[in-house]
Amino acid sequence: MKILVVGGTGLIGANVAGKLKNQGHEVVIGSPSHGINIITGEGLSEALRGTDIVIDLSNSSSPEEENALNFFETAGKNLVASEKLAGIRHHVVLSIVGIDRVQYIGYMRAKKNQEDIVKNAGIPYTIIRSTQFHEHVSTIIAVQGKEDVVNVSTLDFQPIAAEDVANFVLKFALETAKNGTIEIAGPELAPMDQFVSRYIKVTGQHKTVISDNEHKYMFYDFPKSGLVPEGDHQKGKIHFDEWTQNLK
């Protein structure tokens, strides 16, 4: 099949594109560096000609509210409008677990708008909501740390390896459209501060984790279980400690 991977140069996108090529599919990378711009529409019609599946893994250049809202609304409308004209059989979008519960955060509201645009477009779709990635733990340390101290919440956390995310995206993209939402998460649920402490230990960083019950993530307030699935979900295979062994 011919498959357009929007955001095909990113962490998940490059992985998914590589796996699809290895299976013999014709893969088009949807990124400005490849002549396809979902904001301006440049190259989009040509990329969609004869395309069966669109996998949208795009992201805004900044999580700042106005930037994110403008990006996902413009990109989403451009994509679905062009897809309807091209007769796309399946639109897959990667989203975030828990966005319904934190619509007061601009970026989460932007991602929900992206989902709604797809749902209301009248095209076959599957929305995959994922928990945070194992790979984002280093970002928590960078953003919430100061010198040799990292303040981390005891929020419920169920991170998933990017490799597992890519495998789920590949699996669901090649299946029949669900016309609904699927949630994915890592195999282990524990307080966020525990994951950060384990990461710091394995990577040999001289930092101390200060745990708190303020329920903040990247300085935003979250419900205690706001980052993890509330109901049925599919679990990845790669445990956090297994993933960290590759960091040594």
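In this report, the structure presented in the accompanying data block is examined.

Rules used in this analysis
Residues numbered from 1 in each chain as written. Predicted model: local features only at pLDDT ≥ 70, side-chain atom pairs only at ≥ 80, totals over all residues. Heavy atoms only, no water. Helix = DSSP H or I, 4+ residues; strand = E, 2+ residues; numbered from the N terminus. Rg over C-alpha atoms; globule rule 2.2 N^0.38 Å. Buried < 20%, exposed > 50% of the residue type's maximum accessible area, 1.4 Å probe, protein only. Contact = heavy atoms within 4.5 Å. Areas by Shrake-Rupley, 256 points an atom, 1.4 Å probe, with all protein chains shown as cover. Pairing = 2+ DSSP bridges. Right-handed = clockwise from strand over helix to strand, strands pointing away. Salt bridge = Lys/Arg side-chain N within 4 Å of Asp/Glu carboxyl O. Axes fitted to C-alpha atoms, helices over the stretch in contact; angles between N-to-C directions.

### Let's talk about the overall build of the protein
In terms of regular secondary structure, the protein is built from eight helices and 14 strands. Over its C-alpha atoms the protein spans a radius of gyration of 18 Å, differing by no more than 12% from the 18 Å that the globule rule assigns to 248 residues. Dimensions along the principal axes, computed over C-alpha positions, put the protein at roughly 55 × 40 × 35 Å. Counting only residues that meet the buried cut, the protein has 52% of its 248 residues in that class. In the protein, 81% of the contacts between residues at least 6 apart in sequence involve partners at least 24 apart. Of the roughly 11,200 Å² that the protein leaves accessible, carbon and sulfur atoms contribute 49%.

### Some thoughts on the pairing of strand β4 (residues 90–96)
When you tally the buried positions in β4, you get seven out of seven residues, the bulk of the element. Side chains His90, Val92, Leu94 and Ile96 project from β4 onto one buried face, and the interleaved His91, Val93 and Ser95 project onto a second face that is buried too. Direction of pairing for strand β3 (residues 53–56) relative to β4: parallel, over a ladder of four bridges. Its bridge partner lying in β4, isoleucine 55 is registered against valine 92. Taken together, β3, helix α3 (residues 65–86) and β4 constitute a β-α-β crossover, and its handedness is right-handed. Note that β4 and strand β5 (residues 125–130) share six bridges and pair parallel.

### Details of the pattern of salt bridges
Inspection of every chain in the model, using the stated rule, returns 14 salt bridges. For arginine 109, the salt bridge goes to glutamate 65, with nearest N and O atoms at 2.2 Å. Here arginine 109, found in helix α4 (residues 106–119), pairs with glutamate 65, found in helix α3; they are 44 residues apart in sequence, far enough to count as distant. Residue glutamate 230 is joined to arginine 101 by a salt bridge in which the shortest nitrogen-to-oxygen separation is 3.8 Å. Within this pair, whereas glutamate 230 is found in the loop between β13 (220–221) and β14 (234–235), its partner arginine 101 is found in the loop between β4 and α4, the two being separated by 129 residues in sequence. Look at glutamate 230 and you get exposed, because its relative accessible area is 68%. Owing to a relative accessible area of 22%, arginine 101 belongs among the partly exposed residues under this scheme. Each member of the salt-bridge network shares a partner with another, and the members are Asp100, Glu115 and Arg129.

### Considering the sheet that holds strand β2 (residues 26–30)
As summarised here, the arrangement of the seven strands in space is β2-β1-β3-β4-β5-β9-β14, forming an open sheet in which the pairing is parallel. Edge positions in the sheet fall to β2 and β14, since each has one partner strand and no second. By the bridge criterion, five bridges tie β5 to strand β9 (residues 180–185) in an arrangement that is parallel. Each residue of the ladder has a partner; that of isoleucine 128, found in β9, is isoleucine 182. Each of β1 (2–6), β2, β3 and β4 touches helix α1 (residues 11–22); the most contacted strand, β2, lies at about 165° to it.

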